[in-house]
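Survey of secondary and tertiary structure
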Amino acid sequence: LVDRVVNSYLGPRIMLAAASVLYGTNFPLGAIMNESLPPSAATSARMVMASVALSPFLFKLNPKLAPTALLCGCFTALGYISQSLALVTVSPATV
């Protein structure tokens with residue numbers, strides 16, 4: 001079923017639209033999280049959820065790529081921390 005949807009005409013377009021919706025809700029959901037949690041706790045919760053979701057792939061990672069993946073993860077975390085701090089004082093519509 002998945003192969004049939006992915007290989008169809010609408011499959012990639014639906015996945016792209018779903019990704020756009022997910023990315024578009026990033027800042028408003030971040031602002032909602034910052035209202036109920038401090039920015040550090042909101043960012044920590046996001047990183048823990050991401051690490052749980054990606055943990056099955058950890059053992060499949062080529063050991064040569066581990067330092068690069070760790071560096072990339074650090075920069076991604078820095079971006080999310082900056083976003084959380086920005087959403088404390090700025091409206092999500094202007095970030």
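This write-up is about the structure you can find in this document. Model, not experiment: these values are computed from the prediction.

This paragraph deals with the overall build of the protein chain. For the protein chain, the helix and strand inventory stands at five helices and zero strands. Secondary structure elements of the protein chain, listed N to C terminal, follow the sequence α-α-α-α-α. Taken over the C-alpha trace, the protein chain has a radius of gyration of 17 Å; the compact-globule value for 95 residues is 12 Å, which it surpasses by more than 25%. Taken along its principal axes, the extent of the C-alpha atoms in the protein chain is 45 × 35 × 20 Å. The buried share of the protein chain, reckoned over its 95 residues, is 13%. Within the protein chain, counting contacts between residues at least 6 apart in sequence, those at least 24 apart form 66% of the total.

This next bit is on the layout of surface pockets. The volume enclosed by the largest pocket comes to roughly 560 Å³. Ser 51, Leu 54, Leu 58, Ala 69 and Gly 73 are the residues nearest the centre of the largest pocket, which is lined by 16 residues in total. Sorting the residues of the lining of the largest pocket by element identifies helix 4 (39-54) and helix 5 (66-89) as the ones contributing at least two each. Per-element accounting of the lining of the largest pocket gives the leading share, eight residues, to helix 5. Its residues placed into classes, the lining of the largest pocket shows 12 nonpolar, four polar and no charged. Considering only enclosed or pocket space, the second largest pocket measures out at about 300 Å³ in volume. Forming the boundary of the second largest pocket are Ala 19, Leu 22, Tyr 23, Asn 26, Arg 46, Met 47, Met 49, Ala 50 and Tyr 80.

Definitions and limits used
Residues numbered from 1 in each chain as written. Predicted model: local features only at pLDDT ≥ 70, side-chain atom pairs only at ≥ 80, totals over all residues. Heavy atoms only, no water. Helix = DSSP H or I, 4+ residues; strand = E, 2+ residues; numbered from the N terminus. Rg over C-alpha atoms; globule rule 2.2 N^0.38 Å. Buried < 20%, exposed > 50% of the residue type's maximum accessible area, 1.4 Å probe, protein only. Contact = heavy atoms within 4.5 Å. 1 Å grid on protein atoms, 1.4 Å probe; cavity = no way out; pocket = protein on both sides within 12 Å on 5 of 7 lines; lining within 4 Å. Points joined across faces, edges and corners; volume = space filled by probe spheres on them. Nonpolar A, V, L, I, M, F, W, Y, C, P; charged D, E, K, R; others polar.

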